[in-house]
Amino acid sequence: MKRLLIVVLIMALTIVSTGCTSSERAFLEAYKKTMNINSMESQMTFNASLKGEGFSQEQQLVVDEISNLLSNIQISMAQRMTQNQDKTASKAYVEMNMNVGGLIVPMSVWVDVNMASDSPKLVEYIKMPQMLMSTIYPEKPALQYIVYDFNKIIGEQMNFNELMKFSKEVQPKVEKVIDSYMNNFDPGVEVIKSKGKRNVGGESLSIYEVKLDDASFKKLLTSTVNYSLDDEEMINFIKDYMKFVVNVATAAQEGQISQEEVANEIDNLDKQLPQAKAKFNELMDSIKDVKIIGDDGIVIEYGINKDGYIVYEAGTIDFRLDLDALNKLGNANTTTAEPVKGVLNLKLNYSSNTKNINKNVEITMPEVNEQNSIDFMDFMNMTSSYSSVGVIGSSDGPTSVYIESTLNK
């Protein structure tokens, strides 16, 4: 988990940390201000496309099937969020609709967090498609919600006081890291450019564009990671996060990393950084001639309103995966009988709009009972009979049953 947050932060800085021009500073200031939003509503749409070439006839059939499926899927999400000034209590609601060739697959999620009360709370309510729930639980026709009670599942293994403390302290730490990058980091690649004013949804916005091709993406990523592994603020952030992991896990289960081991890892971090840096640079050098960003590159537009918040975002990310070349990199000292040869082009498109920033946003949690809800662990135990890896991702599990049964009506 700790490594995931660190990777996400580095990748975010890879996109937003681009030197010290006036345009770049204006964008970064808006980025920091947007991080401090306490309530808002947003709309987002997402779709993907996949193309493949150079595969065997049998493999190409599989690629074509996946391509046809992706081309018929569009995801739209409506989100509402509100939190207190201390960021110790928050509520969120996301309504998602997946359009599969005209078939609408709905799902909603509510999140209720309160780390400031005497009884800390972190609960998710997930409303699943009715047809899916009826397939799994035909004997419970009123069943709609899966309840994920973090406190109930984790129990005494979680120190909520440390979690509350971290939730209050993490944002200033992230802002300090961003300030360090903004003032000291220059990757030598111009990434963010001001595109002037444009009317978006009836509002005049200042538009900033991030544009990267394969070469500039690799150069920016290499520069960012190398700088991160030398930057004192970033290293301190990583250490603070690792200390949080140690303090928050008060009852580590058998087989998990112990607090003493994590403490030793913190102490040894400085010693490990040169080796990590060398391995990363070795990896980047090995893929310098392997194209991973397609011809359309990475193009993301950000719109900043008159109050200095990022309220609009639209982007295209074009990935190019040469499986034969990547397989050779991963198996430099081994041989494979039948390596997969072919090139996949995966293109992701999305757009989002934000409104009602720091205004009164109402979120009402659903009323759940024994008839209309089921505990998350009970749900997972039930769905394990469909697939050894659970519902999501199962080729013959309830999700597939739901889509197929609905399409066949």
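Residues numbered from 1 in each chain as written. Predicted model: local features only at pLDDT ≥ 70, side-chain atom pairs only at ≥ 80, totals over all residues. Heavy atoms only, no water.

1. Remarks on the sheet that holds strand β12 (residues 373-375)
Right, so step 1: Judged by pairing direction, the sheet is mixed, and its twelve strands sit side by side in the order β7-β8-β9-β10-β11-β1-β2-β3-β4-β5-β6-β12 without closing on themselves. Taken across any chain shown, the strands that pair with only one partner, and hence form the sheet edges, are β7 (192-200) and β12. Geometrically, the sheet is characterised by an average inter-axis angle of 20 degrees between neighbouring strands, direction not taken into account.
Right, so step 2: Where strand β2 (residues 73-83) meets strand β3 (residues 89-100), eleven bridges bridge the pair, whose relative direction is antiparallel. Counterpart to T82 in the pairing with β3 is K91.
Right, so step 3: Set on the sheet, helix α3 (residues 57-71) makes contact with β1 (39-53), β2, β3 and β11 (343-355); between it and β1 the angle comes to about 155 degrees. (Pairing = 2+ DSSP bridges. Helix = DSSP H or I, 4+ residues; strand = E, 2+ residues; numbered from the N terminus. Axes fitted to C-alpha atoms, helices over the stretch in contact; angles between N-to-C directions. Contact = heavy atoms within 4.5 Å.)

2. Details of the pattern of salt bridges
Right, so step 1: Summed over the entire model, instances satisfying the criterion amount to twelve salt bridges.
Right, so step 2: In this structure, the salt-bridge partner of D179 is K32, at a minimum N-O distance of 2.6 Å. Here D179 is found in helix α6 (residues 160-184), whereas its partner K32 is found in helix α2 (residues 22-35), with 147 residues between them in sequence.
Right, so step 3: Here D179 falls in the partly exposed class, since its relative accessible area comes to 26%.
Right, so step 4: Between K288 and D285 there is a salt bridge whose closest N-O contact spans 3.8 Å.
Right, so step 5: On the basis of relative accessibility, which here comes to 46%, the residue D285 falls in the partly exposed class. (Salt bridge = Lys/Arg side-chain N within 4 Å of Asp/Glu carboxyl O. Buried < 20%, exposed > 50% of the residue type's maximum accessible area, 1.4 Å probe, protein only.)

3. Some remarks on the packing of aromatic side chains
Right, so step 1: Enumeration over the complete set of coordinates arrives at ten aromatic pairs.
Right, so step 2: Ring centres of Y181 and Y227 lie 5.0 Å apart, and the angle between their planes is 70 degrees; on these two criteria the pair is classed as edge-to-face. Of this pair, Y181 sits in helix α6 while Y227 sits in helix α7 (residues 214-228); the two residues are 46 residues apart in sequence, bridging distant segments of the chain.
Right, so step 3: The exposure class assigned to Y181 is buried, which follows from its relative accessible area of 1%.
Right, so step 4: Here a set of aromatic residues connected by ring pairs shows up, and it is made of F27, Y31, Y208 and Y302.
Right, so step 5: Across from the ring centre of Y309, 4.8 Å away, lies the NZ or CZ of K33, which sits over that ring. (Phe/Tyr/Trp six-rings, centres within 6.5 Å; stacked < 30°, edge-to-face > 60°. Lys NZ or Arg CZ within 6 Å of the ring centre and 35° of its normal.)

4. Observations concerning the pairing of strand β9 (residues 293-304)
Right, so step 1: Most of β9 sits inside the fold, with nine of its twelve residues counted as buried.
Right, so step 2: For strand β8 (residues 203-212) and β9, the ladder comprises seven bridges, and the chain directions are antiparallel. Bridge assignment links E209 to a residue of β9, and that residue is E301.
Right, so step 3: The hairpin turn running from β9 into strand β10 (residues 310-322), its antiparallel successor, is five residues long, and G308 in that turn takes a positive phi close to 90 degrees.

5. Here we look at the nonpolar core
Right, so step 1: If you look at the biggest cluster of nonpolar residues, it comprises 47 residues, and the most contacted ones within it are F27, V191, V210, L212, F217 and I298.
Right, so step 2: Looking at this core, the elements with two or more residues in it are α2, α6, β8, α7, α8 (232-248), α9 (259-286), β9 and β10. (Core = buried A, V, L, I, M, F, W, Y, C linked by side-chain atoms within 4.5 Å.)

6. Re the side chain of S352
Right, so step 1: Looking at the secondary structure, you find S352 in strand β11.
Right, so step 2: Looking at S352, the relative accessible area reads 16%, which means it is buried.

7. Some details on the side chain of D231
Right, so step 1: By the element assignment, D231 lies in the loop between α7 and α8.
Right, so step 2: Of the buried charged residues, D231 lacks a salt bridge, with K176 as the closest side chain of opposite charge at 10 Å.
Right, so step 3: Sequence-distant contacts of D231, defined by excluding residues within four places in its chain, comprise S180 and Y181. (Lys, Arg positive; Asp, Glu negative; His and termini not counted.)

8. Considering the pairing of strand β4 (residues 103-114)
Right, so step 1: Bridge count for β3 against β4 is twelve bridges, and the pairing is antiparallel. Paired with V100 across the strands is L103, a residue of β4.
Right, so step 2: The loop that links β3 with its antiparallel partner β4 comprises two residues; one of these, G101, has a positive phi angle of about 60 degrees.
Right, so step 3: With seven bridges joining them, β4 and strand β5 (residues 121-127) adopt antiparallel strand pairing. Bridging from a neighbouring strand, D112 pairs with V123 of β5.
Right, so step 4: Hairpin remark: β4 followed by β5, antiparallel, with six residues in the connecting loop.

9. A few points about the confidence of the model for the chain
Right, so step 1: Residues of the chain with pLDDT of at least 70 account for 79%, and the chain-wide mean is 81.
Right, so step 2: Overall, residues 1-10 carries pLDDT values under 50, and its contacts beyond four positions in sequence, including any with other chains, amount to 17 contacts.
Right, so step 3: In this model residues 14-19 is a low-confidence stretch, pLDDT under 50, and it forms 27 contacts with partners more than four residues away in sequence or in other chains. (pLDDT = per-residue confidence, 0-100.)

10. What about α3?
Right, so step 1: Over its 15 residues, α3 extends 21 Å from the first C-alpha to the last, a length consistent with the 21 Å expected when each residue adds 1.5 Å.
Right, so step 2: Among the residues of α3, Q60, V63 and S67 are the ones counted as buried. Angularly, the buried residues of α3 cover 60 degrees about the axis, an arc narrow enough to put them on a single face. More than 90 degrees from the buried face of α3, the exposed residues found are E58, L61 and E65.
Right, so step 3: On the buried face of α3, the contacting elements are β1 and β11. (Expected span 1.5 Å × (residues − 1). Arc of directions from axis to C-beta.)

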